[in-house]
Amino acid sequence: MRLLVLGGTKFLGRHAVDAALAAGNDVTLFTRGQTNPDLFPDAEHLRGDRDGDLRALEGRSWDGVLDTSGFVPRVVRQSAELLRDSVRRYVFVSSISVYDDFSAPVDESSRVARLEDPSSEEVLEHYGALKAACEEVVEEAYGDRSTRVRAGLIVGPYDATDRFAYWPRRIAAGGDVLCPGDPDAPVQFVDVRDLADWLVTLALEGPGGVFNATGPATPLSFAELLERARSAIGSDANLVWTDEQRILDADVRPWTELPLWLPGDEHAGMARADISRALAAGLVFRPLEETVADTFAWDRTVPGSRPTLRPEKEQEILAGA
């Protein structure tokens, strides 16, 4: 079948193209040609710009389109309307961040955030509300031919954010590992390859609708994640669970410096998203140990500094514990 990917050379899109080609599909990538332009020589590459230069897409047709790079509704509307009569299905990758209130678990019927100023395009400031507005654009154009996937934290090889790789890397280094807050706190994330496989299926076969897409299939605690990561890597690291207020007092930034850590109640529901609809629609997960091992193996090939917690700062906190 013929799949058009808007994006496709960086992280999620890269894995989706891999999955689609491996399944024997004909894949077309529409990009600006600025990121990894030499990837996928067996795919068709169209050049343009989502914001104002879609000429390369005119007069073409595909079975499905996978939109991994839409953040602003005005821009998403351009591709959605142009392709409305050229594709059978449109899959838009949204975000779990669309929800307005994370103080409790969320499902697909939970209230989404709204833009106070509908003309705003400040992605960093209004990421969730903009994604929700993009969803509305796609649903308006395609109806039940559209699928809106509210992805949680996406992890795995080629993730440049370090929002998961920190833990395998730190545990592999051994010694006392600073672990934040409640060891029984739930964590949720999805391996990029599992999400990518499912997105390709949705784009070519359906079903339509809106889905939370994170994992695993059964609840996972922070402690279980790190214990299983330690076993998968073969590390003798000592996990030191530390009062979260002590860590906050040391000016450690939750989520960015210590990934997966969501202190307090305001964001508790972000790691308690209901994914029953996605599971029923075919989303499946590989073993956690495979995600840990593959992410760690890839991370070891990446030079340079990381935005996560510095070893000196970690040791200062542990010394005062």
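Whatever comes next refers back to the structure up there.
Keep in mind it's a predicted model, so treat the numbers as computed, not measured. (Residues numbered from 1 in each chain as written. Predicted model: local features only at pLDDT ≥ 70, side-chain atom pairs only at ≥ 80, totals over all residues. Heavy atoms only, no water.)

(A) Here's a closer look at the pairing of strand β6 (residues 146–151). β6 sits mainly inside the fold: 6 of its 6 residues count as buried. Here β6 shows two buried faces, one formed by Ser146, Arg148 and Arg150 and the other by Thr147, Val149 and Ala151. Relative to β6, strand β5 (residues 87–95) runs parallel, the two being bridged by 6 bridges. Bridge pairing in β6 places Ser95 opposite Ala151. For the handedness criterion, the β-α-β arrangement of β5, helix α3 (residues 127–142) and β6 is classed as right-handed. One ladder, built from 5 bridges, connects β6 with strand β10 (residues 209–213); its direction is parallel. Counterpart to Ala151 in the pairing with β10 is Ala213. (Buried < 20%, exposed > 50% of the residue type's maximum accessible area, 1.4 Å probe, protein only. Helix = DSSP H or I, 4+ residues; strand = E, 2+ residues; numbered from the N terminus. Pairing = 2+ DSSP bridges. Right-handed = clockwise from strand over helix to strand, strands pointing away.)

(B) Looking closely at the packing of helix α4 (residues 166–173) against helix α9 (residues 288–299). α9 packs onto α4 with a crossing angle of 80 degrees between their chain directions and a minimal axis gap of 9 Å. Relative to α9, α4 is oriented roughly perpendicular. Contacts between α4 and α9 involve Pro168, Arg169 and Ala172 from the former and Val292, Phe296 and Asp299 from the latter. In terms of residue class, the contact of α4 with α9 is made up of 4 nonpolar, no polar and 2 charged. (Axes fitted to C-alpha atoms, helices over the stretch in contact; angles between N-to-C directions. Parallel < 35°, antiparallel > 145°, perpendicular 65-115°, else oblique. Contact = heavy atoms within 4.5 Å. Nonpolar A, V, L, I, M, F, W, Y, C, P; charged D, E, K, R; others polar.)

(C) Representation of the packing of aromatic side chains in the model. Overall, the coordinates contain 9 aromatic pairs when judged by the stated rule. Ring geometry for Tyr99 against Phe102: centres 6.2 Å apart, planes inclined by 85 degrees, an arrangement best described as edge-to-face. An identical accessibility class is assigned to Tyr99 and Phe102; each is buried. Between Trp167 and Phe222 the ring centres are 5.6 Å apart and the planes differ by 85 degrees, which places this aromatic pair in the edge-to-face class. Placement of the pair is Trp167 in helix α4 and Phe222 in helix α6 (residues 222–233), with a sequence separation of 55 residues. The residues Trp167 and Phe222 share a single accessibility class, namely buried. Three or more aromatic residues joined by ring pairs form one cluster here, namely Tyr166, Trp167, Phe222 and Trp241. (Phe/Tyr/Trp six-rings, centres within 6.5 Å; stacked < 30°, edge-to-face > 60°.)

(D) Expanded view of the nonpolar core. In terms of nonpolar packing, the biggest core is built from 32 residues, with Leu195, Trp198 and Leu199 touching the most fellow members. Secondary-structure elements contributing two or more residues to this core are β1 (2–6), α1 (12–22), β2 (26–31), β5, β6, α5 (192–205) and β10. The element contributing the most residues to this core is α5, with 9 residues. If near-sequence neighbours (up to four positions away) are discounted, Leu199 is found in contact with Leu12, Leu66, Val91, Val93 and Val149. (Core = buried A, V, L, I, M, F, W, Y, C linked by side-chain atoms within 4.5 Å.)

(E) Layout of the environment of Arg163. Relative to the elements of secondary structure, Arg163 occurs in the loop between β7 (154–155) and α4. Note on Arg163: relative accessible area 29%, which makes it partly exposed. Counting along the chain gives 95 residues from Arg163 to Leu258, while the straight-line C-alpha distance between them is 8.0 Å. Setting aside anything within four residues of it in sequence, one finds Arg163 in contact with Leu153, Ile154, Trp255, Pro259 and Leu260. Of the polar contacts made by the side chain of Arg163, one reaches the side chain of Thr161; its length is 2.9 Å. (Polar contact = N/O pair within 3.5 Å; in protein donor to acceptor, adjacent residues only side chain to side chain.)

(F) Structural view of α9. Over its 12 residues, α9 extends 16 Å from the first C-alpha to the last, a length consistent with the 16 Å expected when each residue adds 1.5 Å. Turning to α9, the residues buried within the fold contact β7, α4, β9 (190–191), α5 and α6. (Expected span 1.5 Å × (residues − 1).)

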